[in-house]
Amino acid sequence: MSQKGIVLFSLAGVFWGLPYFFIALALESFSTPSIVFLRTLLGALVLIPYAAATGGLKPALKAWPYVLIFAVVEMVGPWFLITEAEKHISSGLAGLLIATVPFFAVAILAIFLKDRKALRPRPLSGMIIGFAGVATLVGIDTFTGVIEPLYVLMVVLAAIGYSIAPIVANIKLHEVPSAAVIGLSMAFVALIYSPFSLPRLEGEFASATGTSIVAVVVLGLVCSATAFVIFFMLIKEVGPAKATLITYVNTAVALSLGIVFLGEPITIGLLVGIPLITFGLILAGGSQR
């Protein structure tokens, strides 16, 4: 990986490890639809004017069907599922479960895009071990009453969306300026969520804490707008499969913030499952670990 790729990889990993922590803070005052609406609205308000000024908006509008597909699989579904699940599971666990993204990316590349590299023993064994880690974590913590499988499934479904979106972006939107793709995507998402959030926003803001408001702003400007621009640059630099390996850093950031600042517990399932998931990621990532 080039020096530029390493820098982009590190930044994307950190910025995309932050949302789980700030979602937990935002949920103290705002509903799930409102959080998704506000973070996408803020992102769109920043990126669309920039895209228009730099001439990137027109190509994005021409490719709007693929931008819409990207928005649905990357934001509309996953951001609702993750935010809603965090009402019932820890932010650290949500971040850890998103670490399954590379496993799904390997499967999609192998099954649908006939990528023979994804069928090599090393990435396949990594995928199997990683899923075994997730199953072990969920099984132990479900048995001990720490979590409910439904909310784990919601985050895993979000991970599937996260694994599809970079592939769509790399194949269909590779030549479209990233700020325009992301800004237009966020505008689509904000429009979709507006009927579910606008009727309740006034009441939520009236009783919202300063911490929750700051969390929503950070989610929109840092964890959405900035993080996506960097991630698109990373996709163009190293490809979609390697780009999904930012979940190495995501997981570390999400778990650390949750444990240190939110007092989230270190469960038996985490202690057993994390080593297996990490080892699976190393195998799936190959020489890019």
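Keep in mind that this is a model prediction, so the values were computed, not measured.

Enquirer: Can you walk me through the overall build of the protein chain in this structure?
Expert: Within the protein chain, the secondary structure is distributed over 14 helices and zero strands. Counting from the amino terminus, helix and strand elements in the protein chain follow one another as α-α-α-α-α-α-α-α-α-α-α-α-α-α. Whereas a compact globule of 289 residues would reach a radius of gyration of roughly 19 Å, the protein chain reaches 18 Å, a difference of no more than 12%. Along the first, second and third principal axes, the C-alpha atoms of the protein chain reach 45 × 45 × 30 Å. Expressed as a percentage of the 289 residues in the protein chain, the buried residues total 55%. For the protein chain, restricting intrachain contacts to residue pairs at least 6 apart in sequence, the fraction spanning at least 24 positions comes to 90%. Total accessible area computed for the protein chain in this model is approximately 12200 Å², and 71% of it derives from carbon and sulfur atoms.

Enquirer: Please clarify how helix α1 (residues 3-15) should be interpreted in this entry.
Expert: Since one α-helical turn is 3.6 residues long, residues separated by three or four positions face the same way. Compared with an ideal rise of 1.5 Å per residue, which puts 13 residues at 18 Å, α1 spans 18 Å between its outermost C-alpha atoms and is within 8% of the ideal. Among all positions in α1, only G5, L8, F9, A12 and G13 are buried. Buried residues of α1, viewed axially, fall in a sector of 130°; they line one side.

Enquirer: How should the environment of V260 be read in this particular structure?
Expert: Among the secondary structure elements, V260 is positioned in helix α13 (residues 247-261). Counting along the chain gives 54 residues from V260 to A206, while the straight-line C-alpha distance between them is 29 Å.

Enquirer: I would appreciate a short explanation of empty space enclosed by the protein in the present structure.
Expert: In this structure the tally under the stated criterion is four cavities of 30 Å³ or more. Lining the largest cavity, in full, are W16, P19, Y20, I23, R39, E74, W79, I82, Y162, C223, F228 and N250. Every element with two or more residues in the lining of the largest cavity is listed here: α2 (19-26), α5 (64-85) and α11 (210-238). Split into classes, the residues belonging to the lining of the largest cavity amount to nine nonpolar, one polar and two charged. Estimates place the volume of the second largest cavity at around 80 Å³. The wall of the second largest cavity is formed by 13 residues, among which W16, V101, Y162, I246 and T247 lie closest to the centre.

Enquirer: I'm lost on the packing of aromatic side chains in this one. Help?
Expert: Two numbers describe a pair of aromatic rings. These are the distance of the centres and the angle of the planes. Summed over all chains, the structure comprises nine aromatic pairs. Each member of the aromatic cluster is reached from another via a ring pair, and the members are W16, F70, W79, Y162, F228, F231 and F232.

Enquirer: Explanation requested: the nonpolar core in the structure shown.
Expert: The nonpolar side chains of a soluble globular protein tend to be buried, and buried together. The biggest cluster of nonpolar side chains holds 95 residues, and the ones touching the most others in it are F22, F70, I89, I98, F228 and L234. Top element by residues in this core is α11. It accounts for 14 residues. In contact with F70, not counting residues within four places along its chain, are M75, A165, A169, L173, V181, S185, F228 and F232.

Enquirer: What is the right way to look at the side chain of D141 in this model?
Expert: Along the chain, D141 falls in helix α8 (residues 121-143). Despite its burial, D141 pairs with no opposite charge, the nearest such side chain being K87 at 21 Å. A polar contact of 2.7 Å, which involves the side chain of D141, links it to the side chain of T267. With residues near it in sequence (within four places) discarded, D141 still touches V146, I147, T267, I268, G269 and L270.

Enquirer: How do you make sense of the environment of P121 when you look at a structure like this?
Expert: Following the sequence through the fold, P121 ends up in helix α8. Through-space distance from the C-alpha of P121 to that of L283 is 9.3 Å; in sequence the pair is 162 residues apart.

Definitions and cut-offs
Residues numbered from 1 in each chain as written. Predicted model: local features only at pLDDT ≥ 70, side-chain atom pairs only at ≥ 80, totals over all residues. Heavy atoms only, no water. Helix = DSSP H or I, 4+ residues; strand = E, 2+ residues; numbered from the N terminus. Rg over C-alpha atoms; globule rule 2.2 N^0.38 Å. Buried < 20%, exposed > 50% of the residue type's maximum accessible area, 1.4 Å probe, protein only. Contact = heavy atoms within 4.5 Å. Areas by Shrake-Rupley, 256 points an atom, 1.4 Å probe, with all protein chains shown as cover. Expected span 1.5 Å × (residues − 1). Arc of directions from axis to C-beta. 1 Å grid on protein atoms, 1.4 Å probe; cavity = no way out; pocket = protein on both sides within 12 Å on 5 of 7 lines; lining within 4 Å. Points joined across faces, edges and corners; volume = space filled by probe spheres on them. Nonpolar A, V, L, I, M, F, W, Y, C, P; charged D, E, K, R; others polar. Phe/Tyr/Trp six-rings, centres within 6.5 Å; stacked < 30°, edge-to-face > 60°. Core = buried A, V, L, I, M, F, W, Y, C linked by side-chain atoms within 4.5 Å. Lys, Arg positive; Asp, Glu negative; His and termini not counted. Salt bridge = Lys/Arg side-chain N within 4 Å of Asp/Glu carboxyl O. Polar contact = N/O pair within 3.5 Å; in protein donor to acceptor, adjacent residues only side chain to side chain.

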